[in-house]
Amino acid sequence: ALHEFPNDIFTNENRRHGAVVLHVLCAVYMFYALAIVCDDFFVPSLEKICERLHLSEDVAGATFMAAGSSAPELFTSVIGVFITKGDVGVGTIVGSAVFNILCIIGVCGLFAGQVVALSSWSLLRDSIYYTLSVVALIVFIYDEKVSWWESLVLVLMYVIYIIIMKYNSTIHHLFERKTKNSANMVNGLANNTEMDDNSNCDATVVLLKKGNFHRKASVIMVDELLSAYPHQLSFSEAGLRIMITSHFPPKTRLSMASRMLINERQRLINSRTYSNGESEVAIKIPIKHVVENGTGPSNAAERGVNGTRRDEDIAEAGNETENENEDNENNENDEEEEEDDDDDDHEGPYTPFDLPTGKIEILKWLFTWPLSFVLYFTVPNCNKPHLEKWFMVTFASSTLWIAAFSYMMVWMVTIIGYTLGIPDVIMGITFLAAGTSVPDCMASLIVARQGMGDMAVSNSIGSNVFDILIGLGLPWALQTLAVNYGSYIRLNSRGLIYSVGLLLASVFVTVFGVHMNKWRLDKKLGCVCLSLYGIFLCFSIMTEFNVFTFVNLPMCRDH
């Protein structure tokens, strides 16, 4: 593979005497560059595309969002098929798949800071389809070559996965009906409807009660609330109600409660305008509405937020209309100031001409300066309102940068592997896999810390389905159908079969472990998953170095 890239400025002798460290630093910088381009430019442009195409969240998540988080693996695979013509792409995808399942779930369990409840439906849906994908991959690569129809089957399986996601809620309802043991389902809709029948109360009261129903319940998703109360709540209202529960940090809860307060205030003013001076009617309606919309708090913090809100509303209802308007304007100004304050914290990419505050931020800014300078002039930031309409340019240019950085990364890793006498597959399974999956790991951990275990696990397993079916299937299909029709993709390493077999075992072990742990993600499960990842790495490396059986020819060397 080394000879498929441009010549290195260092000789092999130089690299052995320490120059290889420069290549390692360059590869690490490329990992960081990929994370920045994906998170700050590529994913926002995909979100804009989803908005324009009016895709539902499930379909968007399964297609464009998965592509966003798995772009480095996809381009590594493309480079492995078309440039290095080796196993680096397959190695990276197999390695990152195991990393995503064992390491990400392990890290989430250890560092989430709470016991995170998981719903059986989303985990079973993703892992069953993922198991089918891995079985298909094992069948296709068993003879060490892949034909055009095999690669096409992988791509078509992904199309079926998108259709399943499209009708996810319908299938979920059928699954719920078939499953008698609904008590085990922390996130099940069955509990939601039962509770609604018993108490005949509004959506938020159900939400807050359910927050305490299980001691450490996970957050109820917005779409569940909407499907339970189809004509009562808009999407934004359901979102606000969810964000005032105890699973979110105090700052978020306070700002969401204040937004709800502003909405109530606005409604109050409107009702006063239409009531032709009948102040009593105008006072009664909004207060009743507020009480219904969640002044049934389940813990002290919520009692504080909701109680204050009710008192303020009662006080405002007694005021004159002029004071009402004045208050409203002041509160809106406060809200704007709060948003400005939020904007001051570093969000989005660094700009090369604005020095941030704080020593650590300045060090980060200096470290990323060459990168932010290049991206500032070549990729428009479509998060900014005045550049929003340029989202297609952002999409195209960030795709090119991801391809360029992936090329540099694979080139550096190939040189490092060649210098240290490590096969391409091992570099893919270990170094490249961990490097390309670290952004995913961080995203899942942030989500798990907020109590949303399902989203964290779905992110890790869902991006694996994309990696295997599109990350491998698409480059193989292009090579065997478009570039050289009727040709075969040949795999050099026999050991890949064992690694993919271990990948299948890791899914079974994870799902079995979660089931045995009563569908909870905690430190015990986290430790088990991380130790299993260590065992997988040891086994894969020993297999590739011909410890158990002969799978790899020795590395060629320059004499």
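Since we're looking at a predicted model, the values are computed, not measured. Residue positions within a chain follow its written sequence, with the count starting from 1. Two thresholds apply to this predicted model, a pLDDT of at least 70 for residue-level local features and 80 or more for giving and counting side-chain atom pairs, whereas whole-chain, interface and lining totals are computed over all residues. Processing note: side-chain calculations cover all non-hydrogen atoms of the structure and skip hydrogens and water entirely.

1. A short note on the overall build of the protein chain
Here a helix means four or more residues in a row that DSSP labels H or I, a strand means two or more in a row labelled E, and each is numbered from the N terminus. For the protein chain, the count of helices and strands is 20 helices and four strands. In the protein chain, buried positions account for 51% of the 559 residues. Any two residues having at least one pair of non-hydrogen atoms within 4.5 Å are treated as being in contact. Sequence-distant contacts, at least 24 apart, represent 75% of the contacts inside the protein chain between residues at least 6 apart. Per-residue and other accessible areas follow the Shrake-Rupley method at a 1.4 Å probe size, with only the shown protein chains counted as cover for residues. Carbon together with sulfur atoms contributes 63% to the accessible area of the protein chain, which is approximately 27,000 Å² in total. Residue exposure (1.4 Å probe, protein chains only): buried if accessible area is under 20% of the type maximum, exposed if over 50%, otherwise partly exposed.

2. Some details on the nonpolar core
Definition of nonpolar core: a set of buried residues of the types Ala, Val, Leu, Ile, Met, Phe, Trp, Tyr and Cys, connected through side-chain atoms within 4.5 Å. Grouped together as the largest cluster of nonpolar side chains are 73 residues, with contacts concentrated most on Y130 and W476. Put simply, the parts of the chain that give this core at least two residues each are α2 (57-82), α3 (88-111), α4 (120-141), α5 (148-166), α17 (424-449), α18 (453-483), α19 (495-516) and α20 (523-544). In terms of residues, this core owes the most to one element, α3, which gives 13 residues. Once you skip the residues sitting within four places of it in the chain, Y130 turns out to touch A97, I101, I461, N464, V465, I468, L503 and V507. Core analysis: the second largest hydrophobic core is formed by 39 residues, L2, V37, F391 and I426 among them.

3. A closer look at the confidence of the model for the protein chain
Should pLDDT be low for a region, the predicted coordinates there are not to be read in detail. Scored from 0 to 100, pLDDT reflects the predictor's confidence in each residue. Summarising the model, the protein chain shows a mean pLDDT of 75, and 75% of its residues fall at 70 or more. Across the protein chain, α5 holds the top mean pLDDT of 91, while helix α12 (residues 279-292) sits lowest at 40. Scored below 50 in pLDDT, residues 209-218 makes 26 contacts in the model with residues more than four places away or belonging to other chains. The model gives residues 276-329 a pLDDT under 50, and that stretch makes 80 contacts with residues more than four places away or in other chains.

4. Side note on the pattern of salt bridges
Here, a salt bridge means any side-chain nitrogen of Lys or Arg that lies within 4 Å of a carboxyl oxygen of Asp or Glu. The final tally for this structure, using the stated rule, is two salt bridges. D8 is the partner of R15 in a salt bridge, and the nearest nitrogen-oxygen pair spans 2.9 Å. Given the relative accessible area of 3%, R15 is considered buried. For R125, the salt bridge is made with D126, and the minimal N-O distance between the two is 3.1 Å. The same class applies to R125 and to D126, which are both buried.

5. With respect to the packing of α3 against α20
Contact geometry of α3 with α20 gives a least axis separation of 7 Å together with a crossing angle of 150 degrees. As α3 packs across α20, the resulting crossing turns out to be left-handed. Two secondary-structure elements touch here, α3 through V98, F99, L102, C103, I105, G106, V107, G109 and L110 and α20 through K523, G526, C527, C529, L530, L532, Y533 and F536. Note on residue classes: Ala, Val, Leu, Ile, Met, Phe, Trp, Tyr, Cys and Pro are nonpolar, Asp, Glu, Lys and Arg are charged, and everything else, Gly too, is polar. Across the contact of α3 with α20, the residue classes break down as 13 nonpolar, three polar and one charged. Helix axes are fitted to C-alpha atoms over the stretch in contact, other axes to C-alpha atoms as well, and angles between N-to-C directions run from 0 to 180 degrees. The handedness criterion is simple: a crossing whose near helix is rotated anticlockwise from the far helix by less than a right angle is left-handed, and one whose near helix is rotated clockwise is right-handed.

6. Topic: α4
Between its first and last C-alpha atoms α4 spans 31 Å; for 22 residues at 1.5 Å apiece the expected length is 32 Å, and the two agree. In terms of residue burial, α4 counts as a mostly covered element, since 16 of its 22 residues are buried. To estimate the expected span of a helix, subtract one from its residue number and multiply by 1.5 Å.

7. Observations regarding the packing of aromatic side chains
Centres within 6.5 Å are what make two rings of Phe, Tyr or Trp a pair, Trp counting through its six-membered ring; a difference in plane orientation under 30 degrees is then read as stacked, over 60 as edge-to-face, and the rest as tilted. Scanning the model with the defined rule gives 22 aromatic pairs in all. Pairing F353 with F373 gives two aromatic rings, centres 6.4 Å apart and planes at 80 degrees, and the pair type is edge-to-face. A residue pair is termed long-range when its members are at least 10 positions apart, and F353 in the loop between α14 (321-344) and α15 (359-378) and F373 in helix α15 qualify at 20 residues. For F353, a relative accessible area of 52% translates into the label exposed.

8. Section: unusual backbone geometry
Residues other than glycine seldom take positive phi values, yet E144 does so here, at roughly 65 degrees. Note that E144 resides in the loop between α4 and β2 (145-146). E144 gets classed as partly exposed once you look at its relative accessible area, which sits at 27%. With a phi close to 60 degrees, K518 is a non-glycine residue in the positive phi region. Within the secondary structure, K518 is located in the loop between α19 and β4 (520-521).

9. Concerning the state of the cysteines
Cysteine sulfur atoms are paired as a disulfide whenever they fall within 2.5 Å. Evaluation of the coordinates by the stated rule reveals zero disulfides. Of all cysteine sulfurs, the one in C103 lies closest to C441, which takes part in no disulfide; the gap is 5.9 Å.

10. Quick word on the side chain of S122
Structurally, S122 is set in helix α4. Discounting residues that sit within four places of it in the chain, S122 has contacts with D454 and S458.

11. Details of the side chain of S372
Along the chain, S372 falls in helix α15. Judged by relative accessible area, S372 falls into the buried class, the value being 9%. Contacts of S372, omitting those with residues within four sequence positions, involve Y350 and P352.

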